[in-house]
Amino acid sequence: MLVKLFRWVQGYLLIRLKGQSPERFINLCSNRGIFLWNLQNVDGDYECYIMIKDYRKLKPIARKTGTIPLIKRRQGLPFLVQQYKGRKGFILGILIFCFILYVLSLFIWDISILGGHSYTEEAMIKFLKKNEVFMGIQKKKVDCQEIEELIRGTYRDIGWVSAEIKGTRLIIKITETNMPAPAVTATEPCHIVASKDAIITQIVTRTGTPMVEIGSVVKKGDILVSGVVNIIGDNDILLTKRPVIADADIIGKTYYDYEDTFPLKYTQRQYTGKMKSGYGLTFFLKKFNIYNPRIMYGKYDIIVDESTLHLTDNFYLPLSYSKFNYREYVEVPKTYTKEEALELGRNRMGRYLDNLMKQDVVILENKVELSVKNNYCTAKGKIIVEEPIKDYKTIDDSEWRIIESDESTGNQN
């Protein structure tokens, strides 16, 4: 990509070689360091691309070989500038447009919350706004690590948070404590530690020093595979210690607490089929109503379909178009039978189990009991599972440098 941009900025030509010795012409170009690319045979002649600065060097080669390099096409910035040289307004417009895009790229125009189950995207965005993180903030004022610590400290049932800036987007991924954390990778020397309390059922170590074995009971944060490797010399003498990126596959037996309650009495919405639509525009976070219909419905849902303009997947712009659908409904009181409630409870738990299995969790035993009491259906219990339980912890220099220094001092004495 950079090579293409470099060529475009300097300008290049598509040439066709006409004459009796095009092969000799090409060889002489190669000998003199003149680069030709995309060489191909077209109707018996050779065609290729060449930089403008190199084309000026072809005259002696053409005279020597009797081959004429005819220009078929001109491409690149120099020709574009020449083409629009008389249109200063057009060039100025392009420069202003590029400047505006650069300024817009310095801000956050989209915040995406991924992975939440209990917390909606709207609730998390509202929480972030209260803490001075909002759409329209300068990227340099966003501290991703601070956001992660803020969310973890406020929401105790969120066990894993990742915040990153991509283009003009702030992407926050969260995992609640009743769901497995996504797999992570390490890029610097580290230990593998337990991501939760568990019993080790499988361990295959590739790099590092294993600290546990099958059947070991571990607590969250315990070191499973140390990233500090002992270097042993003759007579089993410890020479030094070296930090590495610990690498292993570790499976543990653990569990998830599951609890779900819902009332037997509920209100069902029956839609009448009547609907009206409104339209709006958001520009630099300011909302404008293009058309807002008069709503005479007693009860209605508002369904918002918003599309944000973006140049790429991660370069969002502060301009969005919204469509509001107002759907009328009437409320009808209903009551689940015991059988219906139990079936609904099983279905809700089934969706939770499906989400677990999608994340490489093996269900060993389901100890959840469903019951219907006092007009409520309750599911409560433990789900015994096997799953990857590894997390990473950066190695502190004191874990290996001090020991190495002490040994070196001892050897000198």
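Basis of the calculations
Residues numbered from 1 in each chain as written. Predicted model: local features only at pLDDT ≥ 70, side-chain atom pairs only at ≥ 80, totals over all residues. Heavy atoms only, no water. Helix = DSSP H or I, 4+ residues; strand = E, 2+ residues; numbered from the N terminus. Rg over C-alpha atoms; globule rule 2.2 N^0.38 Å. Contact = heavy atoms within 4.5 Å. Areas by Shrake-Rupley, 256 points an atom, 1.4 Å probe, with all protein chains shown as cover. Axes fitted to C-alpha atoms, helices over the stretch in contact; angles between N-to-C directions. Parallel < 35°, antiparallel > 145°, perpendicular 65-115°, else oblique. Left-handed = near helix turned anticlockwise from the far one by under 90°. Nonpolar A, V, L, I, M, F, W, Y, C, P; charged D, E, K, R; others polar. pLDDT = per-residue confidence, 0-100. Core = buried A, V, L, I, M, F, W, Y, C linked by side-chain atoms within 4.5 Å. Buried < 20%, exposed > 50% of the residue type's maximum accessible area, 1.4 Å probe, protein only.

**Student:** Mind laying out the overall build of the protein chain, listing which residues take part and the relevant values?
**Tutor:** Helix and strand content of the protein chain: ten helices and 22 strands. Computed over C-alpha atoms, the radius of gyration of the protein chain comes to 33 Å, more than 25% over the 22 Å expected from 2.2 N^0.38 for 413 residues, which places it beyond the range of a compact globule. Taken along the three principal axes of its C-alpha coordinates, the protein chain extends 100 × 90 × 45 Å. For the protein chain, restricting intrachain contacts to residue pairs at least 6 apart in sequence, the fraction spanning at least 24 positions comes to 67%. Of the roughly 26,400 Å² that the protein chain leaves accessible, carbon and sulfur atoms contribute 52%.

**Student:** Please give an account of the packing of helix 7 (residues 121-130) against helix 8 (residues 144-154) that cites residues and values.
**Tutor:** Axes are the key here: two packed helices are described by the angle between their axes and the distance separating the axes. The N-to-C vectors of helix 7 and helix 8 enclose an angle of 115°; their axes lie 12 Å apart at closest approach. Comparing the axis directions of helix 7 and helix 8 gives the class roughly perpendicular. Taken as a pair, helix 7 and helix 8 cross one another with a handedness that is right-handed. In this structure, helix 7 contributes Met124, Phe127 and Leu128 to the contact, and helix 8 contributes Ile147, Leu150, Ile151 and Thr154. Partitioning the contact of helix 7 with helix 8 into residue classes produces six nonpolar, one polar and no charged.

**Student:** Let's hear about the confidence of the model for the protein chain: which residues, and what values?
**Tutor:** A residue-level look at the protein chain finds 93% of positions with pLDDT of 70 or above and a mean pLDDT of 88. For residues 402-413, every residue scores under 50 in pLDDT, and the model assigns this stretch six contacts once sequence neighbours within four places are set aside.

**Student:** Run through the nonpolar core, naming residues and quoting values.
**Tutor:** Counting 19 residues, the largest nonpolar core has Ile113, Leu128, Ile147, Ile151, Leu170 and Ile172 as its most contacted members. At the level of secondary structure, the elements contributing two or more residues to this core comprise strand 5 (110-114), helix 7, helix 8, strand 6 (158-166) and strand 7 (169-176). The residues contacting leucine 128, other than those within four sequence positions of it, are Ile111, Ile113, Val133, Ile147, Ile151 and Ile172. With 16 residues, the next largest nonpolar core counts Leu13, Phe25, Cys29 and Ile61 among its residues.

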